[in-house]
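# Summary of structural features
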Amino acid sequence: MAVTGGQVAAQREAVARATSALDRAIDILIPDMAAARQGPMYSAQGLSMRANSGGLAQA
């Protein structure tokens, strides 16, 4: 159980690093999004830190 817990923690950390690298790449490619976003999209625990948009989409 402890080994599995350690593996899950390592995977969670790897995903958090990959997400932050992707966020940096997007900020470089699309600078306007960097100004609109005020913080990270996800926390290190994998929880979404985005504000709830209410689910409304317009075309």
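Calculation criteria
- Residue indices begin from 1 for each chain and proceed along its sequence in written order.
- Only residues with pLDDT of at least 70 are given local features in this predicted model, and only at 80 or more are side-chain atom pairs given and counted; all residues enter the totals for whole chains, interfaces and linings.
- Only heavy atoms go into the side-chain values, all of them from the structure, while hydrogens and water stay out.
- Here a strand is any run of E in DSSP of at least two residues, a helix any run of H or I of at least four, and the numbering for each starts at the N terminus.
- Exposure classes here rest on a 1.4 Å probe applied to the protein chains alone. A residue is buried below 20% of its type maximum, exposed above 50%, and partly exposed in between.
- The term salt bridge refers to a side-chain nitrogen of Lys or Arg lying within 4 Å of a carboxyl oxygen of Asp or Glu.
- Every patch collects residues that have over 30% relative accessible area and no salt bridge, joining them within 9 Å if they carry like charges and within 5 Å if they are nonpolar side chains (Val, Leu, Ile, Met, Phe, Trp, Tyr).
- In this description, accessible areas are obtained by the Shrake-Rupley approach with a 1.4 Å probe, and a residue is regarded as covered only by the protein chains that are shown.

## Notes on the overall build of the chain
- On a plain count of helices and strands, the chain comes out with two helices and zero strands.
- Considering the chain as a whole, with its 59 residues, one finds that 5% of them fall into the buried category.

## Some words on the pattern of salt bridges
- Throughout the structure, instances matching the rule amount to one salt bridge.
- A salt bridge links E13 to R17; its shortest N-O distance comes to 3.8 Å. Of this pair, E13 and R17 both sit in helix 1 (residues 2-29), separated by four residues, roughly a single helical turn.

## Let's talk about a nonpolar patch on the surface
- There is a patch of nonpolar side chains on the surface, built from I28, L29 and I30 and spanning about 350 Å² of accessible area.
- Tracing the backbone through its elements, the reader meets I28 in helix 1.

Take it as geometry only, folks, not as evidence of what the structure does.
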